[in-house]
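So you can see what is in the structure, the chains are spelled out below.
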Amino acid sequence: MHFPSPNHGERRGGLRPSLIVIHYTAMDSCAAARDRLCDPEAEVSAHWLISETGAAEALVPEERRAWHAGAGEWRGMGDINSRSIGIELANRGDHPYPEPQMQALERVLTGIMARWSIGPDGVIGHSDMAPGRKADPGPRFDWRRLARSGLAVWPAPQAPADPAGFDAAALAFGYPAGVSADLRLEAFRLRFRPWASGPADGTDAALALELARHFAA
Ligand SMILES: [Zn+2]
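Keep in mind the model is a prediction, meaning the values are calculated, not measured.

Thresholds, definitions, all that
Residues numbered from 1 in each chain as written. Predicted model: local features only at pLDDT ≥ 70, side-chain atom pairs only at ≥ 80, totals over all residues. Heavy atoms only, no water. Domains from an automatic or database assignment. Contact = heavy atoms within 4.5 Å. Buried area = accessible area lost by both parts, 1.4 Å probe. Salt bridge = Lys/Arg side-chain N within 4 Å of Asp/Glu carboxyl O. Donors = N, O, S within 2.8 Å, 3.2 Å for Na, K, Ca; no water. Helix = DSSP H or I, 4+ residues; strand = E, 2+ residues; numbered from the N terminus. Buried < 20%, exposed > 50% of the residue type's maximum accessible area, 1.4 Å probe, protein only.

Another point: the domain arrangement of the protein. Many authors give the size of an interface as the accessible area that is lost as the parts come together. We note that the domain assignment places domain 1 (8–148) and domain 2 (163–216) within the protein. If you look at the interface, domain 1 gives 16 residues, while domain 2 gives 14 residues. Between domain 1 and domain 2, the buried area comes to about 1400 Å², and carbon and sulfur atoms account for 64% of it. In this assembly, domain 1 and domain 2 are joined by one salt bridge.

Bringing the coordination of the zinc ion into the picture now. At 2.0 to 2.1 Å from the zinc ion lie its protein donor atoms, namely H23 (ND1), H126 (ND1) and D136 (OD). One chain supplies every donor for the zinc ion, spaced along it as H-x102-H-x9-D. Of this pair, H23 sits in strand β2 (residues 19–24) while D136 sits in the loop between α4 (126–129) and α5 (143–148), and the two are 113 residues apart along the sequence. Taking relative accessible area as the criterion, H23 reaches 1% and is therefore assigned buried. Looking at D136, the relative accessible area reads 5%, which means it is buried.

Inspection of the secondary structure puts P155 in the loop between α5 and α6 (166–173). For P155, a relative accessible area of 5% translates into the label buried. Considering only alpha carbons, one finds P155 and D167, 12 residues apart in sequence, at a separation of 16 Å. Excluding its chain neighbours within four sequence positions, the residues that come into contact with P155 are F192, L207, E210 and L211.

Take the pattern of salt bridges next. Following the criterion strictly, the structure yields 15 salt bridges and no others. Where E10 meets R64, a salt bridge forms, and the shortest distance between an N and an O atom there is 3.3 Å. One end of the pair, E10, is in the loop between β1 (8–9) and β2; the other, R64, is in the loop between β4 (56–58) and β5 (65–66), and 54 residues separate them in sequence. Residue class for R64 comes out partly exposed when judged on its relative accessible area of 27%. Here R191 makes a salt bridge to D128, at a shortest N to O gap of 2.7 Å. On the criterion of sequence distance, the pair formed by R191 in helix α7 (residues 181–192) and D128 in helix α4 is long-range, its members being 63 residues apart. Overall, R191 belongs to the buried group, its relative accessible area being 3%.

Rendered as structure tokens:
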């Protein structure tokens, strides 16, 4: 099999992938994104690129460390590139993800999760691990749909909780400690309550507590 991107290296410290990071390309076309992800001078890449029409291309072997995540952390772990598989979805960032693309993503995720024994709680967005720095896959990405197929997690709390408990729960679920509480709330909402605003409320707290209860590291 031919992998067209030269932008990868050895996973450090013998690490194996335990996370899958979902991105959008933020470029006008899938072809332009592919060029960039395969350009040695750009020094960026991802293991997979999925077009709007659902064509999935493997750019880097999954065993290798692709350069997609950059600075950030999840569950207290740094060097996310050494610990993850990166999937780029062709999307400018301001429009919905077409059905064929979502179906292809589901197929690709199912394969990766089986090959590397990664559970649904290991599937995260770039914005989760890099709050304030990254916003992809963005508010139009359908996390709930992935969760229904066991390909991501989605909380279903019974009742609101004390808003004061939000931040500790978000940290326990995995959001980075190295950023402000405001950025943690922003990143959390981008994924779980994209259209909410204002300070953390009882719904944010209930959602985060449910996630922490089931998936805390
Ligand atoms: Zn990204």
